[in-house]
Amino acid sequence: MARLVVFLGTALVLLAALATLNWWVDPFGEFWKPSAVQEARAARPQCLVSHELIGGEYLPFKLDVFRSRPTRTFVTGSSRVLKMGSWPGEGTFANLGMPVISPEIVLKELRALPARPETLYLGVEAFWLNPHFRGFDVSPGLERRARYVLSRSAFDESARIVRRAPYVLLHRWRKERVGSSCVVGRSRPALAWRLDGSRVWSFELDPDTYHPAIDPFTTDLRKLRTGIYDDWTELSPARVRTLERVLALARARGWRVVGFTPPDGERYLRFFAASPVIGPRWRAFGRLMPKLFGRYGYRWLDFRDARSIPCPQTDFVDGGYHTDAACSMRMRRRLDAAARRQLTLVALGDSIPAARPRECHCRAGFVALFARALRRPVVVRNLAVPGANSAEVLELLRKRGGVHADMALVMVGHNDTPWIRPDGSLRRNLAAILDLIHARDVRVANFYDDGRGDPGVVAEYARAICEVARSHGARCADVYHAFTPKLLAPDHVHPNAAGQRLIARLLYTLPSARRK
């Protein structure tokens, strides 16, 4: 019995030593090492981080990139977006792309981000809609990690690394020079990461080092790009629904979004167009994406043909799949321009801006009509709550920490009248509401007399609303004096379709209210 205990104890000690060595050396880069990233970030000038120190745990690394920067614009997508980086001197951009990412991982990634104003560039791959495509596990679980640290292959490679670089036993990494750049790593890296999340090939730092191999072209779909197009017979409805959840999440958070698909080399484009398997799906993908993004008020840029960017064929580093930094930044310039044309619009108030069809007997309320009149891509967040008075709208804003948008429409006060809410404080509440709206252009509408209460009170409230709006740098649409009983819906409370059009027109024709 004692011998068995000794044997088992010895085996456990050896296994623990094996696991500790493989975890410490991490020969195949399975674990990302936040301390290495912190060291690179603390260096002056800042260093790059070798891929072997990031490992396969892309998701925690990318989330760390986002959180460590005052990120206001970010891109996500497959490895084909990873060369998209910051402009010189820009500290608010982050690249959250990951190799072999899937729509499910994109959704998981975006849900982990804070709900604050952002601009998202979403690189969508056609092969994502192949139901047989499976993305990479960007956050491996305990079982996979355990198999790795106990594997013989990992031990053999750890031993080779220790023989080649004995310092690894005491120091897991060190600063090295590759070309003119500082890299935190263990050896001259094939790949490294900038602290904005973008990727660098070794040859870009030193021409004599690793260069990506030219991807051998084949028409065998089982082998082409590791089989990601194989057996593609339909656009996966499940994946389309996942993309819709991504866009719905972005819209709910008030993000600007520009969708795009990265380019392919000419020989791939010719093959995709002619292939009886890929061709129909390729064309269906091209038709679907603008409609899908447009449904949520977002722009779509089709970069599948590199000439549309424009990028020459020489900008592909591996024969037609991944573009270099020059082409990737041309894509980013196009995305930046598209994002600048896109507006975010938030609406606040009660059931009048909420415009439920059963109440207004209309297809679109004044918020939607106003957005259409702008004739630009607009992301609309209608936060109006039927039945809400000014105190309740203020409470909603306080819980959200305020709202951020390019434009804001506010119509509140109808439910503050003493015959509805006898203890209202409209003037004070509206002032606090406007203080919590962070938008360059804020437009406020007073409300009309529906004949249900004291006309003198309605007139006083209408006057107070415009006074408070102007004192806060907002423009005020005088709905009170423009409205007539003919513009009421059958319930004699809400505007009908013509009334909604009138309010939209009054708000639209106001001069832009540019706030400081």
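Our structure's up above, just so we're on the same page.
Residues numbered from 1 in each chain as written. Predicted model: local features only at pLDDT ≥ 70, side-chain atom pairs only at ≥ 80, totals over all residues. Heavy atoms only, no water.

Q: Before we move on, can you summarise the overall build of the chain with the specific residues and values?
A: Looking only at helices and strands, the chain features 20 helices and 15 strands. Taken over the C-alpha atoms alone, the chain extends approximately 95 × 65 × 50 Å along its principal axes. In the chain, which comprises 516 residues, the proportion classed as buried is 55%. Partitioning the intrachain contacts of the chain with sequence separation of at least 6 by distance along the chain shows that 76% fall at a separation of at least 24. Of the roughly 23200 Å² of accessible surface on the chain, 56% is carried by carbon and sulfur atoms. Distance between charge centroids for the chain: 1 Å, based on 79 positive and 50 negative side chains. (Helix = DSSP H or I, 4+ residues; strand = E, 2+ residues; numbered from the N terminus. Buried < 20%, exposed > 50% of the residue type's maximum accessible area, 1.4 Å probe, protein only. Contact = heavy atoms within 4.5 Å. Areas by Shrake-Rupley, 256 points an atom, 1.4 Å probe, with all protein chains shown as cover. Lys, Arg positive; Asp, Glu negative; His and termini not counted. Charge placed at Lys NZ, Arg CZ, Asp CG, Glu CD.)

Q: Please set out the packing of aromatic side chains residue by residue, giving values where relevant.
A: Throughout the structure, instances matching the rule amount to 21 aromatic pairs. Arranged with centres 6.0 Å apart and planes meeting at 90 degrees, the rings of phenylalanine 217 and phenylalanine 271 form a pair that is edge-to-face. On the criterion of sequence distance, the pair formed by phenylalanine 217 in the loop between helix 8 (202-205) and helix 9 (237-252) and phenylalanine 271 in helix 10 (residues 266-274) is long-range, its members being 54 residues apart. On the basis of an interplanar angle of 40 degrees and a centroid distance of 6.3 Å, the ring pair of tyrosine 268 and phenylalanine 272 is categorised as tilted. Of this pair, tyrosine 268 and phenylalanine 272 both sit in helix 10, 4 residues apart, which is roughly one turn of that helix. Accessibility classification places tyrosine 268 together with phenylalanine 272 in one group, the buried group. Seen from the ring of tryptophan 24, arginine 172 lies directly overhead, with NZ or CZ sitting 4.9 Å from the centre. (Phe/Tyr/Trp six-rings, centres within 6.5 Å; stacked < 30°, edge-to-face > 60°. Lys NZ or Arg CZ within 6 Å of the ring centre and 35° of its normal.)

Q: Account for the side chain of asparagine 415, with residues named and values stated.
A: Looking at where asparagine 415 falls in the secondary structure, it is placed in the loop between strand 13 (403-411) and helix 17 (426-435). Those residues in contact with asparagine 415 that lie beyond four places of it in its chain are Asp350, Gly387, Ala388, Asn389, Ile420 and Arg421.

Q: If you had to explain the nonpolar core to someone new, which residues and values would you point to?
A: Formed by 67 residues in total, the largest nonpolar core has its most connected members in Phe74, Leu110, Val124, Tyr229, Met289 and Phe293. For valine 124, the contacting residues outside a window of four places in its chain are Leu243, Phe260, Thr261, Pro262, Phe285, Met289, Phe293 and Trp300. Counting residues in hydrophobic clusters, the runner-up holds 56 residues, among them Leu383, Val393, Ile503 and Leu510. (Core = buried A, V, L, I, M, F, W, Y, C linked by side-chain atoms within 4.5 Å.)

Q: Talk me through the sheet that holds strand 8 (residues 199-201); I want residue IDs and the actual numbers.
A: Ordered in space as 5-6-1-7-8, the 5 strands form an open sheet in which the pairing is mixed. Each edge of the open sheet is held by one strand with a lone partner, namely strand 5 (174-178) and strand 8. The average undirected angle you get between the axes of adjacent strands in this sheet is 40 degrees. Pairing analysis gives 2 bridges linking strand 1 (residues 48-50) to strand 6 (residues 181-185), with the strands arranged parallel. Within strand 6, the position partnered with leucine 48 by the bridge is valine 183. Of the strands in this sheet, strand 1, strand 5 and strand 6 touch helix 2 (residues 34-42), which is tilted by about 155 degrees from strand 1. (Pairing = 2+ DSSP bridges. Axes fitted to C-alpha atoms, helices over the stretch in contact; angles between N-to-C directions.)

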